[in-house]
Structure formats: structure tokens, C-alpha cells
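Commentary on secondary and tertiary structure
Given next are the chains, with one letter for each unit.
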Amino acid sequence: MKPLTEQEIRAAFVNCTKGEAKRLAVPRDLADRPWEDLDYFGWRDPQAPDRAYLAVELDGRPKALALRSSTSGSWQARRSMCTMCLTTHSGGVSLMVARKAGRAGQQGNSVGAYICSDLACSLYVRGKRDAGVGARLPETITLEEKIGRTVANLAAFVAKVTG
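What you see is a predicted model, and the numbers here were worked out from it, not measured in a lab.

Time to look at the packing of aromatic side chains. Inspection of the entire model under this criterion finds four aromatic pairs. Between the aromatic rings of Phe 13 and Tyr 53, the centroid separation amounts to 6.0 Å while the plane-to-plane angle is 90 degrees, which identifies the pairing as edge-to-face. In this pair, Phe 13 is assigned in the loop between α1 (6-11) and α2 (18-23) and Tyr 53 in strand β2 (residues 48-58), connecting sequence segments 40 residues apart. Judged by relative accessible area, Tyr 53 falls into the buried class, the value being 4%. Ring pairs connect the aromatic residues Phe 13, Trp 35, Phe 41, Trp 43 and Tyr 53, which therefore count as one cluster.

Structure (C-alpha cells):
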């Protein structure tokens, strides 16, 4: 993924108002992020742990989503699989809900997906972050195919939000 600036990230939000995008917390250490290893840039709001955000480049243009994550519960102790990168975690996957873009979102419609709670799917796929024993099931596909699958899953989720 190409590095994004704070202004590019704020302008890329598709499911919140310009005012909301202007007020949300964007990390200050963007230059220090491992952009070459990211398929998307995801982060949580340190002031509001139930808020998460992700920015992805699709068709040469950045798109960003504002997400709400589920509150912790006893179900999180069970092993769950991320629908983006197919990594399994014990307590490390959250239901992330995005308000739909446009009129549908104004009417309260939303879509959700189970995503790695730390939004580090790209690093799990590449083996740069370890989710523990059994987190990555053995596969016969190449790393490039795993990355392609993760990007396709993410693009499908963004399409559900914007469609």
C-alpha cells in the first residue's frame, strides 16, 4: 500500500460526514507505519476503544471506513476467525460494524464483518505478527495468493458499505 497522509485519509471516508472525518483521531505516526507490508491501514481510537477505522486503496483511490466494534463478552474467549485474513484468534476477533454510505446509512443501515481486533490482518498474513499456535491454518497457496484473497475480502466488505 502506498503511504497515506492525514489529509488523504480524512478525505477518503465514505461512511461518515466531512465533519465527523475532520474530528476523528488519526494516528500521528503515519510516517513510521510499515506501509510496504500493509494491504490496508487500520487503527483504533485511543479515546474511544469501540471505534475503529480502516483505509484501503482500491482501484487507485483511497477509501476509508468508520467502524464500531462489539463490546467484549464471554464469547470472545472462544476461538474465532477473521473474515478478511482467515487468521484464528482466541479473543482477538471483533465484530466490526460500518454504517452504510449515503442514504442507506442515514436511514440506519449497516454491515458487519468479523475482523482481527487489532486490524493487523496484513501482518498476520505475511507472518510478521504471530497470533499464536494454530492461528494460521496450513495452506498450499502462495503468499501472493493469500494477500490477494485478503484484499478481495476487504474490497467485498467496502463494496457492501458503499453499495
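Having put the structure on the table, let's press on.
Let's shift gears to helix α5 (residues 143-162). The end-to-end C-alpha separation of α5 is 28 Å, in line with the 28 Å expected for 20 residues at 1.5 Å each. Of the surrounding secondary structure, the elements contacted by the buried residues of α5 are β1 (40-45), β2, β3 (61-69), β6 (93-99), β7 (110-116) and α4 (121-125).

What follows covers the layout of surface pockets. Empty space within the largest pocket amounts to approximately 340 Å³. Every residue lining the largest pocket is counted, 17 residues in all, and those nearest its centre are Cys 16, Glu 20, Arg 51, Ala 66 and Arg 68. Contributions of two or more residues to the lining of the largest pocket are made by α2, β2, β3 and β6. Residues belonging to the lining of the largest pocket are distributed by class as follows: nine nonpolar, two polar and six charged. Reported here for the second largest pocket is a volume of approximately 160 Å³. With four residues, β1 is the largest single contributor of residues to the lining of the second largest pocket. Grouping the amino acids of the lining of the second largest pocket by side-chain chemistry returns eight nonpolar, one polar and three charged.

On to the pattern of salt bridges, then. Inspection of the entire model under this criterion finds nine salt bridges. Lys 2 serves as the salt-bridge partner of Glu 8, at 3.3 Å between the closest nitrogen and oxygen. You can call Glu 8 partly exposed: its relative accessible area is 29%. You can call Lys 2 partly exposed: its relative accessible area is 37%. Glu 20 serves as the salt-bridge partner of Arg 99, at 3.0 Å between the closest nitrogen and oxygen. Remark: Glu 20 occurs in helix α2 and Arg 99 occurs in strand β6; sequence separation between them is 79 residues. The class of Glu 20 is partly exposed, set by a relative accessible area of 29%.

Of all hydrophobic cores here, the largest spans 44 residues; its most connected members are Phe 13, Ile 115 and Phe 157. Elements represented by at least two residues in this core include exactly β1, β2, β3, β6, β7, α4 and α5. Leaving out residues up to four positions away in the same chain, Phe 13 has contacts with Ala 21, Leu 24, Trp 43, Tyr 53, Ala 64, Leu 65 and Ala 66.

Here we come to the environment of Asp 29. Within the secondary structure layout, Asp 29 lies in the loop between α2 and β1. Of the polar contacts made by the side chain of Asp 29, one reaches the side chain of Arg 33; its length is 2.9 Å.

With that settled, the discussion passes to the sheet that holds β2. Strand order in the open sheet formed by five strands is β1-β2-β3-β6-β7, and the pairing between neighbours is antiparallel. Single-partner strands in this sheet number two, and they are β1 and β7. In this sheet, adjacent strand axes meet at a mean angle of 30 degrees when their direction is disregarded. The sheet contact formed by β6 and β7 spans seven bridges and is antiparallel. What sits directly across from Val 93, in β7, is Cys 116. Across the sheet, α5 touches β1, β2, β3, β6 and β7, and the angle it forms with β7 is around 155 degrees.

Reading the values: rules and limits
- Residues numbered from 1 in each chain as written.
- Predicted model: local features only at pLDDT ≥ 70, side-chain atom pairs only at ≥ 80, totals over all residues.
- Heavy atoms only, no water.
- Phe/Tyr/Trp six-rings, centres within 6.5 Å; stacked < 30°, edge-to-face > 60°.
- Helix = DSSP H or I, 4+ residues; strand = E, 2+ residues; numbered from the N terminus.
- Buried < 20%, exposed > 50% of the residue type's maximum accessible area, 1.4 Å probe, protein only.
- Expected span 1.5 Å × (residues − 1).
- Contact = heavy atoms within 4.5 Å.
- 1 Å grid on protein atoms, 1.4 Å probe; cavity = no way out; pocket = protein on both sides within 12 Å on 5 of 7 lines; lining within 4 Å.
- Points joined across faces, edges and corners; volume = space filled by probe spheres on them.
- Nonpolar A, V, L, I, M, F, W, Y, C, P; charged D, E, K, R; others polar.
- Salt bridge = Lys/Arg side-chain N within 4 Å of Asp/Glu carboxyl O.
- Core = buried A, V, L, I, M, F, W, Y, C linked by side-chain atoms within 4.5 Å.
- Polar contact = N/O pair within 3.5 Å; in protein donor to acceptor, adjacent residues only side chain to side chain.
- Pairing = 2+ DSSP bridges.
- Axes fitted to C-alpha atoms, helices over the stretch in contact; angles between N-to-C directions.

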